[in-house]
Structures are given as C-alpha cells and as structure tokens.
Amino acid sequence: MKAIAIDAYGPVDRLTLRELPTPPVGPDTVLVRVRTAGVNPVDGKVREGALAALLPSHFPLVPGWDAAGVVEAVGPAVAGFAVGDEVIGYVRRDDVQHGTYAELVPAPERCLADKPVQASWAEAGGLPLAGLTAYQALQLARTGAGDTVLVHGASGGVGHLAVQLAKALGAGRVIGTASEANHDFVRSLGAEPVSYGDGLLDRVRAVAPDGVDVALDLFGGDALDVSAELLARPARLISTADPEHVTRLGGSYVFVKPSTADLSVLAGLVDAGRLTVHVARTFPLDEAAEAQRLVAAGHVRGKVVLEV
C-alpha cells in the first residue's frame, strides 16, 4: 500500500510517500481502505516525538488518527461491520505505527462508526477527532439547556464543531473567541464572536455580564485564567491543552477517547443537518507535509483533510 511515513522523529520534511506492507488484521480489527484522513495538530506532535513517553511507537511510523473509508476486511471477532461498509474512525490504537495517512489502516472495532450519509468524504474524514474532542469535553462539563458556553478558538477544527454541538446540547448562548477576520464565520455557526488577546475578560463580560456556565479551552495559558474568572463553578472549565493548569483551577482535562457510541451521535447530528464540518482545504496524500505545515500555522478555519 502507499502511505506517508517517517523513520525517525523530526521536522515535517521527514514525511515521505512510500510503499509499505499491508498492515495486519487482528481478531477485533477492521481493515479500512481510506478515502480521506483528517490532519490534526496532534499529528505534528507525534511526528516530533512529543507523545513518545505516553504511547509506544514503532518505525516506520504512519501518522494520522482520523479516517473515512470503506471496510476492506474484518477480523473473526468483529460483529458490527462488514466488507463494503462506509465508516468513519478515530483510529487511536494503544501504540503508534499504523496511522491513517495511508491507503489501508487497521482500526480496532471500538474506533469506528458508520459514515454519515449526508457528509462528503472530505467532511467525514475531518469529523472524528475534532468532533469527539468537542463532544466529550462538552459532555464532561454537563452542557445543557439554557447554558451560556464560552468556546476559545471557535473558528478552528475543534472549536467550530464545539459551537454547533453546544447548541445541539441545548445551550442558550455560545460565545466564541476568534480573530476579527473570522467573526462572520463564527456568527454563521450560531455563536457571538469576541476577539481573543489582551482585554478578553472585559470583552466577554460586556456581552455576558453574569459570566458563563461552561468554558472550553483549546489553547491553555491566559485563556484558562480568563475562563476561571467568568465561571460560577470551576468544575465546568474543560481544557484539551493544559492538564496541570486546568486542574489547579478546579476544572478537568480531556484527552479524546475512541468511542463508537459518540461517533454515532456525531454522525446522526450531521445527517439531521445540525452539525456541519467546514473543510478549509484538501491535499493529496503526497502533500501531507504541506498539510501539516498549514495546520501548524494555527490559522485554519475548520479542517484540513488529505484525499487518499
């Protein structure tokens, strides 16, 4: 199969297209022929070796945890999927080697769900990791009817889905931080935009004098301190970026987990027209390095996706 891989941790130019053997299919594993693969900031961290102490890694290493594709084969213990099924997956295994920047990826059954019918392949490939991150964070904060929710980075991959999911969970208001250039986009998602940076606390208080009920942080640092000032209950502060800081403030850290049930909820919301994945740009597989560079720059509106 064709795949993007690295032979050692390092800079983005170590990503190369090559031929690799077809990966093994375990008893509870589904072999997926990948149509699209979402590109996420964590992919660059994997390439750099930042997660090497947390997850065992093996070379050659194929990065990528997001996939949409068609089932090619199933292990003998797989009950929920059959050859030919169209699926989406957050394919995070217990080690890092067989990623989704490839024509074929072996996915544990627990990582997959049926592809939303109404999503394009590009939209489906961009949904799993970002969608699960937003959904699991908002669920942990017990987001519900009437809540005012603050989403930091509301125009990005996770953020633009979090805005929509907060509304789907019943939030009365969503306030989203974004650059001025992305304010109209944030409004189109159903949120009230405020500019990030110095003075953020005052700007949020200007539109929400009583503070907020839930805050979702995707960056760490000052955004967490501002959120803590605005919340009545620190336990409803959730961060995907800074576990030590958010814990000191009384909130919780989220590291997204594979979940067929949660992916199915997201797919259902897409098919019901309540959740849309905005695809900023697609790249062919052999331009994976360029895709990672774009994501690392930090100014993407929505998702970047590889077409395999």
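Along every chain, residues carry numbers that run from 1 in the direction the sequence is written. Selection of residues for local features in this predicted model requires a pLDDT of at least 70, selection of side-chain atom pairs for listing and counting requires 80 or more, and totals for whole chains, interfaces and linings are taken over all residues. Side-chain numbers here rest on the full set of heavy atoms in the structure, without hydrogens or water.

### With respect to the overall build of the chain
Think of it this way: any DSSP run of H or I at least four residues long counts as a helix, any run of E at least two long counts as a strand, and we number them from the N terminus. For the chain, the helix and strand inventory stands at 10 helices and 17 strands. Against the 2.2 N^0.38 benchmark of 19 Å for 308 residues, the chain shows a C-alpha radius of gyration of 19 Å, consistent with a compact globule. Along the first, second and third principal axes, the C-alpha atoms of the chain reach 60 × 40 × 35 Å. A total of 308 residues make up the chain; the buried ones form 54% of that total. For the chain, the exposed surface amounts to about 12600 Å²; the carbon and sulfur share of it is 51%. With 26 positive and 36 negative side-chain charges, the chain shows a spacing of 2 Å between the two charge centroids. For the radius of gyration, the atom set is restricted to C-alpha positions; the globular benchmark scales as 2.2 Å times the number of residues to the power 0.38. The rule is simple: take the accessible area with a 1.4 Å probe, protein chains only, and divide by the maximum for that residue type; under 20% is buried, over 50% is exposed, in between is partly exposed. Every accessible area reported is derived by Shrake-Rupley at a probe size of 1.4 Å, with residue values counting cover from the shown protein chains alone. Counted as positive: Lys and Arg. Counted as negative: Asp and Glu. His and the chain ends are not counted at all. Where a charge lies is defined by one atom per residue type: Lys uses NZ, Arg uses CZ, Asp uses CG and Glu uses CD.

### Regarding the nonpolar core
Put simply, buried Ala, Val, Leu, Ile, Met, Phe, Trp, Tyr and Cys residues joined by side-chain atoms within 4.5 Å make one nonpolar core. Among the nonpolar cores identified, the biggest contains 87 residues, and Trp65, Tyr101 and Leu306 are the most heavily contacted of them. Here this core takes seven residues from helix α3 (residues 128–140), the largest share from any one element.

### A closer look at the pairing of strand β12 (residues 192–195)
Across four bridges, strand β11 (residues 173–178) lies against β12 in parallel orientation. What sits directly across from Thr177, in β12, is Val194. Here a crossover is taken to be right-handed if, once the strands point away from the viewer, the path from the first strand over the helix to the second is traced clockwise. Tracing the backbone out of β11, into helix α5 (residues 183–189) and back to the parallel element β12 gives a crossover that is right-handed. Criterion used throughout: strands pair if DSSP finds at least two bridges between them.

### Some remarks on the pattern of salt bridges
When a carboxyl oxygen of Asp or Glu lies within 4 Å of a side-chain nitrogen of Lys or Arg, that pair is called a salt bridge. Within the structure shown, the criterion is met by nine salt bridges. Of the charged contacts in the structure, one is a salt bridge between Arg110 and Asp94, with a shortest N-O distance of 3.7 Å. Linking Arg110 in the loop between β8 (104–108) and β9 (112–114) with Asp94 in the loop between β6 (86–90) and β7 (96–98), this pair joins segments that are 16 residues apart in sequence. The partner of Asp184 in a salt bridge is Arg187, and the shortest N-O contact between them spans 2.8 Å.

### Considering the sheet that holds strand β15 (residues 252–253)
Adjacent strands of a sheet form backbone hydrogen bonds with each other and so pair up, either parallel or antiparallel. What the six strands build is an open sheet, ordered β12-β11-β10-β13-β14-β15; its pairing is parallel. Lying at the two open borders of the sheet, with one neighbouring strand each, are β12 and β15. Note on definitions: a residue-residue contact is assigned when non-hydrogen atoms from the two residues lie within 4.5 Å. Note on geometry: axes are C-alpha line fits, over the in-contact stretch for helices, and angles between N-to-C directions span 0 to 180 degrees. Strand contacts of helix α6 (residues 200–207): β10 (148–151), β11 and β12, with the helix running at about 155 degrees to β12, the strand carrying the most contacts. Each of β10, β13 (214–217) and β14 (237–239) is contacted by helix α7 (residues 222–230), which is oriented at about 165 degrees to β14, the strand it contacts most.

### Digging into helix α4 (residues 157–168)
Each α-helix winds once per 3.6 residues, and so residues spaced three or four apart point in a common direction. The end-to-end C-alpha separation of α4 is 17 Å, in line with the 16 Å expected for 12 residues at 1.5 Å each. By the criterion of burial, α4 is predominantly enclosed, with 10 of the 12 residues buried. Every buried residue of α4 is listed here: Gly157, Val158, Gly159, His160, Leu161, Ala162, Val163, Gln164, Leu165 and Ala166. Taken from the residues just after α4, Gly170 is the one with a positive phi, measuring 110 degrees. What a helix is expected to span follows from its residue count: subtract one and scale by 1.5 Å.

### Quick word on the pairing of strand β5 (residues 66–74)
Here strand β3 (residues 29–39) pairs with β5 via six bridges, running antiparallel. Paired with Leu31 across the bridge in β5 is Ala73. Examined bridge by bridge, β5 and β6 share five bridges and lie antiparallel to one another. Looking at the pairing, Ala68 lines up with Ile88 of β6.

### Some details on helix α10 (residues 288–297)
Ala288, Ala289, Ala291, Gln292 and Val295 are the residues of α10 that are buried. One side of α10 carries all its buried residues, which in axial view fall inside an arc of 160 degrees. Packing partners of the buried residues in α10 comprise β1 (2–5), β3, α1 (41–48), β16 (279–284) and β17 (303–307). Along the arc lie the directions from the helix axis toward the C-beta atoms.

### Quick word on the packing of aromatic side chains
Between 30 and 60 degrees the pair is tilted, below 30 it is stacked and above 60 it is edge-to-face, where a pair is any two Phe, Tyr or Trp rings, Trp via its six-membered ring, whose centres lie within 6.5 Å. Scanning all chains against the criterion turns up two aromatic pairs. Aromatic side chains Trp65 and Tyr90 sit 6.1 Å apart centroid to centroid with 80 degrees between the ring planes, which places their arrangement in the edge-to-face category. Here Tyr90 lies in strand β6 and Trp65 lies in the loop between β4 (57–62) and β5, a separation of 25 residues in the sequence. Side by side, Trp65 and Tyr90 carry an identical accessibility label, which is buried.

### Examining the packing of α6 against α7
Direction vectors running N to C along α6 and α7 enclose 35 degrees, while the axes themselves pass 10 Å from each other. Handedness of the crossing formed by α6 with α7: right-handed. When α6 is examined against α7, the residues Leu200, Leu201, Val204 and Arg205 are found in contact with a partner set consisting of Val226, Glu229 and Leu230. When the near helix sits turned anticlockwise from the far one by under a right angle, the crossing is termed left-handed; a clockwise turn instead gives a right-handed crossing.

### Comments concerning the packing of α3 against α4
Contact geometry for α3 and α4: axes closest at 8 Å, N-to-C directions at 50 degrees. It follows from the interaxial angle that α3 and α4 lie oblique. The handedness of the crossing between α3 and α4 comes out as right-handed. Between α3 and α4, the contacting residues are Ala130, Gly131, Thr133, Ala134, Tyr135 and Leu138 on the first element and Gly157, Val158, Leu161, Ala162, Leu165 and Ala166 on the second. Roughly parallel covers angles under 35 degrees, roughly antiparallel covers those over 145, roughly perpendicular covers 65 to 115, and oblique covers all other angles.

What is shown is where atoms sit, not what they do.
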